Amino acid sequence: MKLNTLLILIVIFFIACNKKEKKSIKNRTSENIEISKKITDTLRITNKCAVIFEPTANSIDKQKKEVGEEDFYISADDYLFYLNESNKFLEKQKIKIAHTKNDKILKFVSNDKSETIIKLNSEKETWGIYLFDPKRKPKKIDMTTTEEEFKKYIK
């Protein structure tokens, strides 16, 4: 009897551990931004917001090999400066900001239910910013001119 009970518990344990995981993580800045980990890491965006992406450790290693470590750190310093300035400006505008890595897929859902999908790992830059208003298509902005681009896009 004890052996049967033990076998049943082991089977239940293995079944529970082998379930496909669908995990929804609420972003700290928005109730309508979620990360779905079912098949791919997709950030689904339905509200007005800014998405700031940065490189993963693998992307950093790859870029260091491509351009050299010294050049990488010089450009990284510039990117981080402009990202920091952009982030401060966007916070002052009280727009929701989602921070993510460049191995994610962005799925922007407009008011008319059309979707724009962007694979961040295919982007040329490893750091960047997208603005999104559900009334319009998402826009990748030049982070050196965030204030001007924001004012043109978010009306």
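Residues numbered from 1 in each chain as written. Predicted model: local features only at pLDDT ≥ 70, side-chain atom pairs only at ≥ 80, totals over all residues. Heavy atoms only, no water.

*Asks:* Can you walk me through the confidence of the model for the protein chain in this structure?
*Replies:* Interpreting fine coordinate detail is not advised for predicted regions of low pLDDT. Across the protein chain, the average pLDDT comes to 81, with 74% of residues at 70 or higher. Residue range residues 2–30 is modelled with pLDDT below 50. Its contacts to residues more than four positions away, or to other chains, number 25 contacts. (pLDDT = per-residue confidence, 0-100. Contact = heavy atoms within 4.5 Å.)

*Asks:* Help me understand the environment of E123 in this model?
*Replies:* Mapped onto the secondary structure, E123 falls in the loop between β7 (115–119) and β8 (128–132). The spatial distance from the C-alpha of E123 to the C-alpha of D103 is 9.8 Å, given a sequence separation of 20 residues. Apart from the residues within four sequence positions on either side, E123 is in contact with F53, I118, Y130 and K140. Separated by 2.6 Å, the side chains of E123 and K140 make a polar contact. (Helix = DSSP H or I, 4+ residues; strand = E, 2+ residues; numbered from the N terminus. Polar contact = N/O pair within 3.5 Å; in protein donor to acceptor, adjacent residues only side chain to side chain.)

*Asks:* Honestly, the nonpolar core in this entry has me stumped. Any pointers?
*Replies:* Across soluble globular proteins, you tend to see nonpolar side chains buried next to one another. Judged by nonpolar contacts, the single largest core of 29 residues is most densely connected at I45, V51, L90, L106, F108 and Y130. Beyond its immediate sequence surroundings of up to four residues, L90 is in contact with A50, I52, I95, I97, I129, L131, T146 and F150. (Core = buried A, V, L, I, M, F, W, Y, C linked by side-chain atoms within 4.5 Å. Buried < 20%, exposed > 50% of the residue type's maximum accessible area, 1.4 Å probe, protein only.)

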